[in-house]
Amino acid sequence: VLAGCSSDDSSESGGTIPEESAGTYLLEAYFGSALIADGTFSAYTGRIEEADPSARESVWTVNGETIPMLATASTHDDALFLKRNFGYTTGESYTISVTLGERSAGCTFVAPAYTWVEITDPENEGRFVPGDPLEIAWRYDGDVPAHVFVEVWPEDGEADLPFYAVELSGSETAHTIPGPETAPWGSEEGLLLTVDLGEQAWPIQGELAMPGSFVATVLPGDAEIVRPGADEPEDQWTVTVALVDSELDADGAGTTTVTAWVENQASDPCPNGTEVEFSVDPPGRVSFTPPEVETVDGQATSTITAGTVAGAVTIRAQALGEIGTAALQLEQDLVLTVMPGMLPSFSWVPNDPMFGLVLFDGDPRGGVLEWGIVADGIAGFTGPVTYAGMPDGWRQVYPPMMGQPSQLVAGQSYTVGLVDAAGDTTFAGFTQ
């Protein structure tokens, strides 16, 4: 209902799916399992012709498991799908299936083993002399790959093409960039040197897939920064701050963990015992236990306890004259209130703008939808909202065609759901 299924405008929704369609879609998917902790599977459906059914109607499965669509990030032309913590097993057979109406496509492949690459020379933040040969060496943690790629890019990443690129046999574990190639690099602040194994891809085929559709996995690689000149730079410290949770209830009791890392430009940790001082802006919104911590291996950890004032705060960690920050949101719980009557009204605290409201006869998992509204614009609507009313700021999507909602029955149980800007829904039950 909240997606606007009752709309009559087929130019926006792409229309209903016909029994037969000549359209094909660009289908792409990525396994990140080898490089991302716990694994991630992401997919994309791209509609080519506007007259074809919406890309949002496509369904992706992996070994029979449906991959959720990112509804807020998807359009009728471009639909995105994502499942984190997907898991990944070397040697297991994976079957990818995409369906849209009566049409389908897919592929089956065996998950490859991954050989890890480690650059052993030069070291990160090492120096080189422009005009002299640059020696690069690496090693593998696993089987010897078929190919290996060596590239050199500017550190700022603003080049469209690498300064230097070569494809080598996987049996190679060293390469020398000739002096004439390194000579022009003296004006660069730093260079990104990469050694990686490329990608492995499998085609997605079927009547739904346009040519070029594929499933791919990025193979491992390693990278180092090298700088021109012979002088060693002075240590420049960086403080990085991370929170286990980015949101806490402003209830005076909720806790999370903050960790600060103090490293130099070579990613080496600061000396053990370096003092890190934690603070918050605005002051007093949270407390730290303890507020001052000495580093071990460049790391310092403290516990944050939320205060009772809602709002955005900045967590700060200061060490060696440098400051790192992280954002924390202190949230006030949403309280949804139902005012009784033949036409009950709904209000909420805090009275923030909302973007959808639904009312079910019974439990929303199996009940009957009686009424549904959505915000008419990006500003949302605020309470109170009266059942079957028509204030400014929203439009009715159920009953369709602005039909009159059913009269509520005395003694009957109902459930109202309120949808916020993040797509989260708060439910409240009541008896008429």
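A brief structural summary. (Residues numbered from 1 in each chain as written. Predicted model: local features only at pLDDT ≥ 70, side-chain atom pairs only at ≥ 80, totals over all residues. Heavy atoms only, no water.)

### Observations concerning the nonpolar core
Leu27, Phe31, Phe41, Trp60, Ile96 and Val215 are the most contacted members of the largest nonpolar core, which totals 26 residues. Those elements that provide at least two residues to this core are strand E1 (25-31), strand E2 (40-47), strand E3 (59-62), strand E5 (78-84), strand E6 (93-100) and strand E7 (103-110). Once you skip the residues sitting within four places of it in the chain, Ile96 turns out to touch Phe31, Phe41, Trp60, Thr61, Val62, Ala105, Gly106, Cys107, Phe109 and Val215. In this structure, Val241, Val262, Ile304 and Ala319 belong to the second largest nonpolar core, which totals 25 residues. (Core = buried A, V, L, I, M, F, W, Y, C linked by side-chain atoms within 4.5 Å. Buried < 20%, exposed > 50% of the residue type's maximum accessible area, 1.4 Å probe, protein only. Helix = DSSP H or I, 4+ residues; strand = E, 2+ residues; numbered from the N terminus. Contact = heavy atoms within 4.5 Å.)

### Section: the side chain of Glu370
Tracing the sequence through the fold places Glu370 in strand E30 (residues 368-375). Arg365 provides the closest opposite charge to the buried, salt-bridge-free Glu370, at an N-O distance of 17 Å. In this structure Glu370 touches Leu359, Phe360, Asp361, Tyr387, Tyr398, Pro399, Pro405, Ser406 and Tyr414, once residues within four positions along its chain are discounted. (Lys, Arg positive; Asp, Glu negative; His and termini not counted. Salt bridge = Lys/Arg side-chain N within 4 Å of Asp/Glu carboxyl O.)

### Description of the pairing of strand E24 (residues 299-306)
Of the two faces of E24, the one holding Ala300, Ser302, Ile304 and Ala306 is buried and the one holding Gln299, Thr301, Thr303 and Thr305 is not buried anywhere. Pairing between strand E20 (residues 255-263) and E24: seven bridges, direction antiparallel. Residue Ala260 lies in a different strand from E24, and its bridge partner there is Ala300. Relative to E24, strand E22 (residues 286-289) is paired through four bridges, and the arrangement is antiparallel. Within E24, the residue paired with Ser287 across the bridge is Thr305. (Pairing = 2+ DSSP bridges.)

### A look at the sheet that holds E20
Reading across the sheet, the four strands line up as E18-E20-E24-E22 and stay open at both edges, with antiparallel pairing between neighbours. If you trace the sheet from one side to the other, it starts and ends with strand E18 (238-243) and E22, each paired once. Averaged over all pairs of adjacent strands, the angle between their axes in this sheet comes to 30 degrees, without regard to strand direction. The sheet contact formed by E18 and E20 spans six bridges and is antiparallel. When the sheet's bridge partners are listed, Val239 is paired in E20 with Val262. (Axes fitted to C-alpha atoms, helices over the stretch in contact; angles between N-to-C directions.)

### Details of a negative patch on the surface
Taken together, the side chains of Asp121, Glu123, Glu135, Glu234, Asp235 and Asp268 make up a negatively charged region of the molecular surface. Within the secondary structure, Glu123 sits in the loop between strand E8 (116-121) and strand E9 (126-128). The exposure class assigned to Glu123 is exposed, which follows from its relative accessible area of 58%. (Patch = residues over 30% accessible without salt bridge, like charges linked within 9 Å, V, L, I, M, F, W, Y side chains within 5 Å. Areas by Shrake-Rupley, 256 points an atom, 1.4 Å probe, with all protein chains shown as cover. Charge placed at Lys NZ, Arg CZ, Asp CG, Glu CD.)

### Observations regarding the environment of Pro184
With respect to the secondary-structure elements, Pro184 resides in the loop between helix H2 (179-182) and strand E14 (191-196). Classification of Pro184 by relative accessible area gives exposed; the value is 57%. Here the alpha-carbon distance between Pro184 and Pro130, two residues 54 residues apart in the chain, equals 7.0 Å.

### Observations regarding the packing of aromatic side chains
Inspection of every chain in the model, using the stated rule, returns 16 aromatic pairs. Both rings, one in Phe278 and one in Phe288, keep their centres 6.0 Å apart while their planes meet at 20 degrees; by these two values the pair is stacked. One end of the pair, Phe278, is in strand E21 (residues 275-281); the other, Phe288, is in strand E22, and ten residues separate them in sequence. Aromatic ring contacts, followed pair by pair, group Phe31, Phe41, Tyr94, Phe109 and Trp202 into a single cluster. (Phe/Tyr/Trp six-rings, centres within 6.5 Å; stacked < 30°, edge-to-face > 60°.)

### A look at the layout of surface pockets
One number sums up the size of the second largest pocket: a volume of about 470 Å³. Taken together, the elements giving at least two residues each to the lining of the second largest pocket come down to strand E19 (247-249), strand E26 (322-331) and strand E34 (425-431). Broken down by element, the lining of the second largest pocket gets its largest block of residues, three residues, from E26. (1 Å grid on protein atoms, 1.4 Å probe; cavity = no way out; pocket = protein on both sides within 12 Å on 5 of 7 lines; lining within 4 Å. Points joined across faces, edges and corners; volume = space filled by probe spheres on them.)

### Some remarks on unusual backbone geometry
Look at the link from Asp281 to Pro282: it is a cis peptide, with omega at 0 degrees. Note that Pro282 resides in the loop between E21 and E22. Pro399 follows Tyr398 through a cis peptide bond whose omega is -5 degrees. Its identity is not glycine, yet Ser267 carries a phi of approximately 65 degrees, on the positive side. Of note, Ser267 is situated in the loop between E20 and E21. The class for Ser267 is partly exposed, based on a relative accessible area of 43%. Notably, Met402 is not glycine yet its phi reads approximately 60 degrees, a positive angle. Positionally, Met402 belongs in the loop between strand E32 (394-398) and strand E33 (413-419).

### Quick look at the pairing of strand E13 (residues 174-177)
Of the two faces of E13, only the one carrying His175 and Ile177 is buried; Ala174 and Thr176 on the other face are not. Bridge count between strand E10 (residues 134-141) and E13: four bridges; the pairing is antiparallel. The partner of Ile136 across the bridge, within E13, is His175.

### A few points about the environment of Cys107
Along the polypeptide, Cys107 turns up in strand E7. Sequence separation of Cys107 and Tyr94 is 13 residues, and the distance between their C-alpha atoms is 8.3 Å. Those residues in contact with Cys107 that sit more than four places away from it in its chain are Tyr94, Thr95, Ile96, Trp202, Pro203, Ile204 and Val215.

### Thoughts on the sheet that holds E30
Strand pairs in the sheet, formed through backbone hydrogen bonds, run parallel or antiparallel to each other. An order of E32-E30-E29-E33-E34 is seen for the five strands of this open sheet, with the pairing classed as antiparallel. Each edge of the sheet is formed by a strand with only one pairing partner; in this case those strands are E32 and E34. Mean inter-strand twist for the sheet, computed between neighbouring axes without regard to direction, equals 20 degrees. Note that strand E29 (residues 356-361) and E30 share six bridges and pair antiparallel. Across the sheet, Phe360 pairs through a bridge with Leu369, a residue of E30.

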